[in-house]
Amino acid sequence: MRFLISLCVSLLLLINGRRGVNCGANQVSQMRMSCSRAEKPSGQGPATSSSDPCYDYNTLDESWRDIRQSQSSGYDDTLVERSSWYRLYLNGESAQMSEWCVSYVRCGGETSLFLNGSHPTIEDGVVTREVLGTYWNSDCGSYRSTSIVKVKACPGDYYVYEFVKPNISAPGPMYCAVAFQSISSDPCYNYESLDRPWRANNESGNNICDESFSWNGWYRLFYYRMDIRMSETCVSSFTCNTYINLWLTDPHPQIEDGVVIREVCGSYHLGDCCEYNSNPIRVKACPGNYYVYELVSPPFGCVGYCTDISTISQPVSTVSPDIITGSSITLNYDPCKNYSILDNYWRSIIIYWYTNGYVNRHDDTLVEWDGWYRLFINGSSAQMPEWCVSYMSCGGYSSLWIGDSHPRLEDGVVTREIYGSRNDQCSRYRSDPIQVKACPGNYYVYKFTRPTLSIPAPVYCAVPVSIPSVDPCYNYTSLDEPWRATDHYNLGMCDSNVEWNGWYRLFYNGQNAQMPESCVNQYTCGTSDPLWLNGSHPQLKDGVVTRQVCVSSWNGCCTYASHAIRVKACPGNYYVYEFVKPIFCGAYCVEASSQSIPSASTTTETIPSIQSITPPIITTAMRDPCSELHCSENERCGMKNGVYGCLCKIPQPHSDSFETCESSSGSMSVSRCQLFEAGFPADVLHLNDPSCKGTVRNGRVEFHYDNDEHICGTNLMANGIHFIYDNFILGTPRSEKILKLSFSCVYPQTQMLSMNVEINPLESIVHKTLPAGEGRYRVRMIPYQDDEFTRPFTGAVDAELDQEMHVEVRVEGVDSRQFALVMDTCWATPVNDPDYRLRWDLIVSECPNPNDDTLKLLQNGVSTSSRFSFGMYIFTANSTKLYLHCAVHLCPLSSNRCLTDCDSGHQRREGRSLDFHDSASISMGPLMWSEGM
């Protein structure tokens, strides 16, 4: 009850303080009984000498008074009659007058008024302060109001002001206000790390603009993982990678100062060191000799916060999270079948800030990358560009591209360098290399990692690579515009205004033509910025390729790059191009030299008519044997041994086969063209069971079996160490050759895995991917609200002490007719670390802990799910979280050794190789303890 009374008094003080209370200093003891609230209207006379302005004030909450308002709203405090005490608010947040120079045209008026001096302390009582103003291009505070303001500091960390009508020669004066959010936790331990070396004052550049970042809260500054501070002295212009450099005008605080407010100045090469005044920020000194800053968005132009290279201190020691592994066995798997999809439209190289509404606000250094990824753009398959991409494309500032060609299927996993573009320098930055793999089906997967922190706002770029549904060699638009020729000068043409759609074939006055492959002069091709191909045209066998498009400008032949385009060589010695809108007001060029454009006589001999190169219409009398084969892009239709089939366009690896296993099922895929060239058409192949034929998909013949409806002659064998599902592909064509390709799925004896991350909602999952050619399954741990295990928790679990908790651990992806899940041990820890020194055992050696009389083992070793319940508890009064961990294994039901007789007290541990099929570890938490009301 004492707590409730104290709370009520606090609430009364808060309410009365904000609304204005007529209570003298000696009336606090009577506040519970009565206290008349007298909210005074605006314009009422000054407070009497007997009243305390800390409790007798008017509120002034006008959003335009915010110093962050960067334009005049036509207000003028000389038009308002004021002679009373006021407390400032901004949008409901307590505010105060600015003590720092405020730029002109702020706070809703023309001249910004601020205090000439710091605010008083509570001990100072009522003080008077001069008021200064800034107008137009005058120096900060060059105008002085003859009217002074009385100020008083009040209990509760706020101020009240006796505002009067300003008397100043500058127009539209307005009292300015600034608000700072209340701090709920110590920012020394609740900050975001900002490791951006390019903010240092030894870096050059001029394009980082901090007003485009989403600032939120407190930040600790680093320089390559070493502590660094904001500059306290004037910074030279065009350093710190920005136009206007922001620095602190006063020294950093001491630890005993707590949170302080500091003015932020901006310097520019045309003015003095503090020509611009940004929004003030709060700073705090922290134990460990570092500082935290509450950075906010600057109010103007392209400006950036600067760090001082001379303040770098020793590297910060950090403790990496424990990596929990239960085995030294490497879990190998095919990333072509185990990847995450990355489908962000803004990663496209055609998303450019100038033409797409400033979308360059993404930063891949803030992404928690984990494993392999496949790129998509709006649902269409994509890949990383292999050429320079203009900066500020792909949704970020620095555009990342791959520094070499993509690998082939036979290359396997390769490592590729990653480069980043900046301004007019294509390879200005080099990031950490990544791994890449080519996959069947004409796509790639990438093992993305966190880009190097020294690159400003880097983003991995993507370019679409969808296969045309119709051959563009026979489905194009003719483009015959002579002004595009390299010998035509600037006519002001601009292809960025053209609605490009699909593929185009180039002509020049009716003759076949192509784009130039070398630098062209600026102001040619009918435009100021001509576009040409940076690379040779493809051959017929290359199919559709992607080529970089360069821009000839005053700064060089390929200083700037536009969007890449796709090109294809066609029968008949011509090319088709998939044009898109260029970044700049340029135009695609046509080569005007006689070497590239055949003469009329040559055209008659070497270039067939459109009708002659268009495929004939297939009729019943004239059937095309290739039309029904549907060969893939990597195949070509042809005849072998008198039979039409799909031949390989390029040589295939010796054994181009891929195998996957999951639970008691498996699949094998082989190259169709490789089989056909070896004399085995797809229709003569089958598994051990002749009724199990293959299915052709994307140029591969896929075979599948499972243990439910499509056993397909699969044999199950066991050797005490592994379980093996065995089958084979059999081919018996009309010849003496026989094909028998065996494959198997193997489950090893032991694999260990553990999750070390906090899960919320509470359902926890371990995905297990075993080595290539082996099985895959997952283990789940789920908390339930009821003893019938029908209502799982869907959010945070708040439980009272001794409340019964119900937990199920189950395995999915294995044959329930062959295996059971056995919980070996289960235990609890107060932190998310299975190896933490403080733990409480729940299940030991597959049986309940005899020292825990709340533990009930409901089911273990009888099916693919096991269950137990226990009474909720906590380790210490200061620890309200509980994390559960279990070590489990799969047991073959045929061993008759999956169920332990816990009543007999027999601890069975020997003979494990006979019933120990595969194991894993799983963790879940936190379970939160809440005190019952």
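These figures come from a predicted structure and were not determined experimentally.

Quick word on the overall build of the protein chain
Within the protein chain one finds five helices and 63 strands. Within the protein chain, buried positions represent 48% of all 933 residues. By sequence separation, contacts in the protein chain at least 24 residues apart represent 65% of the contacts at least 6 residues apart. Summing over all exposed atoms, the protein chain offers an accessible surface of approximately 44,700 Å²; the carbon and sulfur share of this is 49%.

Quick look at the sheet that holds strand E22 (residues 303-305)
The sheet built from four strands is open, its strands ordered E19-E18-E16-E22 with mixed pairing. The open sheet has two edge strands, strand E19 (276-277) and E22, and neither has a second partner.

Comments concerning the packing of aromatic side chains
The final tally for this structure, using the stated rule, is 26 aromatic pairs. Aromatic pair Trp401 and Tyr419: ring centres 5.5 Å apart, planes at 35°, arrangement tilted. Of this pair, Trp401 sits in strand E27 (residues 398-402) while Tyr419 sits in strand E28 (residues 413-422), placing them 18 residues apart in sequence. Tyr419 carries the same exposure label as Trp401, and that label is buried. The ring of Phe789 has Arg867 lying over it, and the distance from NZ or CZ to the ring centre is 4.4 Å.

Regarding the sheet that holds strand E7 (residues 143-144)
Reading across the sheet, the four strands line up as E7-E6-E4-E10 and stay open at both edges, with mixed pairing between neighbours. Among the strands making up the open sheet, the edge pair consists of E7 and strand E10 (173-175).

Looking at the pattern of salt bridges
By the definition in use, this model includes 27 salt bridges. When the shortest N-O distance is used, the salt bridge between Arg430 and Glu417 registers 3.9 Å. In this pair, Arg430 sits in strand E29 (residues 425-439) while Glu417 sits in strand E28, placing the two residues 13 residues apart along the sequence. For Glu417, a relative accessible area of 31% corresponds to the partly exposed category. Note that Lys856 and Glu804 form a salt bridge whose closest N and O atoms lie 3.4 Å from each other.

Observations concerning the state of the cysteines
Following the criterion strictly, the structure yields 16 disulfides and no others. Two residues, Cys54 and Cys154, share a disulfide whose sulfurs are 2.0 Å apart. Looking down the S-S bond of the Cys54 and Cys154 bridge, the torsion is -85°, so its handedness is left-handed. Of this pair, Cys54 sits in the loop between helix H1 (2-19) and strand E1 (58-61) while Cys154 sits in strand E8 (residues 149-154), and the two are 100 residues apart along the sequence. Assigned by exposure class, Cys54 and Cys154 land together as buried. With a sulfur-sulfur separation of 1.9 Å, Cys473 is cross-linked through a disulfide to Cys570. Its S-S torsion of approximately -90° makes the covalent link between Cys473 and Cys570 left-handed. Here Cys570 lies in strand E40 (residues 565-570) and Cys473 lies in the loop between strand E32 (463-464) and strand E33 (477-480), a separation of 97 residues in the sequence.

Quick word on the side chain of Thr111
Examined against the element boundaries, Thr111 turns out to sit in strand E4 (residues 111-115). One polar contact links the side chain of Thr111 to the main-chain carbonyl oxygen of Pro171, over a distance of 2.6 Å. If near-sequence neighbours (up to four positions away) are discounted, Thr111 is found in contact with Gly133, Thr134, Tyr135, Ile168, Ala170, Pro171, Gly172, Pro173 and Met174.

Some words on the nonpolar core
Judged by nonpolar contacts, the single largest core of 43 residues is most densely connected at Leu685, Leu687, Val809, Phe868, Phe870 and Cys886. For Leu685, the residues in contact, after removing those within four places along its chain, are Leu675, Phe680, Lys693, Gly694, Phe703, Ile729, Leu730, Gly731 and Leu739.

Quick notes on the environment of Leu90
Along the chain, Leu90 turns up in strand E2 (residues 83-90). A residue is classified by how much of its surface remains accessible, and Leu90, at 4% relative accessible area, is buried. Considering only alpha carbons, one finds Leu90 and Arg65, 25 residues apart in sequence, at a separation of 7.7 Å. In contact with Leu90, not counting residues within four places along its chain, are Asp61, Glu62, Ser63, Arg65, Asp66, Ala95, Ala177, Val178 and Ala179.

Some details on unusual backbone geometry
A positive phi angle, near 60°, is found at Cys240, a position not held by glycine. Positionally, Cys240 belongs in the loop between strand E15 (229-230) and strand E16 (244-248). Residue class for Cys240 comes out buried when judged on its relative accessible area of 3%. Its identity is not glycine, yet Cys525 carries a phi of approximately 60°, on the positive side. With respect to the helices, strands and loops of the structure, Cys525 is situated in the loop between strand E35 (511-512) and strand E36 (529-533).

Topic: the confidence of the model for the protein chain
Detailed conclusions should not be drawn from predicted coordinates in areas where pLDDT is low. Per-residue pLDDT for the protein chain averages 75, and the proportion of residues at 70 or more is 73%. Scored below 50 in pLDDT, residues 1-49 makes 52 contacts in the model with residues more than four places away or belonging to other chains. Confidence drops under pLDDT 50 across residues 594-623; counting only partners more than four residues distant or on other chains, this segment forms 33 contacts.

Some points on the environment of Arg282
Position of Arg282 relative to the elements: it lies in strand E20 (residues 281-286). Polar side-chain contacts of Arg282 include one of 2.6 Å to the side chain of Glu294.

Quick word on the pairing of E8
Within E8, five of the six residues are buried, leaving the element largely enclosed by the surrounding structure. Inspection of the sheet shows strand E5 (residues 126-129) paired to E8 by four bridges, in the antiparallel sense. Paired with Val126 across the two strands is Lys152, which belongs to E8. Two elements, E8 and strand E9 (residues 158-164), share five bridges in a ladder whose sense is antiparallel. Of the residues in E9, the one forming a bridge with Cys154 is Tyr158. Here E8 folds back onto E9, and the loop between the two strands holds three residues, one of which, Gly156, carries a positive phi near 105°.

What counts as what
- Residues numbered from 1 in each chain as written.
- Predicted model: local features only at pLDDT ≥ 70, side-chain atom pairs only at ≥ 80, totals over all residues.
- Heavy atoms only, no water.
- Helix = DSSP H or I, 4+ residues; strand = E, 2+ residues; numbered from the N terminus.
- Buried < 20%, exposed > 50% of the residue type's maximum accessible area, 1.4 Å probe, protein only.
- Contact = heavy atoms within 4.5 Å.
- Areas by Shrake-Rupley, 256 points an atom, 1.4 Å probe, with all protein chains shown as cover.
- Pairing = 2+ DSSP bridges.
- Phe/Tyr/Trp six-rings, centres within 6.5 Å; stacked < 30°, edge-to-face > 60°.
- Lys NZ or Arg CZ within 6 Å of the ring centre and 35° of its normal.
- Salt bridge = Lys/Arg side-chain N within 4 Å of Asp/Glu carboxyl O.
- Disulfide = S-S within 2.5 Å.
- Polar contact = N/O pair within 3.5 Å; in protein donor to acceptor, adjacent residues only side chain to side chain.
- Core = buried A, V, L, I, M, F, W, Y, C linked by side-chain atoms within 4.5 Å.
- pLDDT = per-residue confidence, 0-100.

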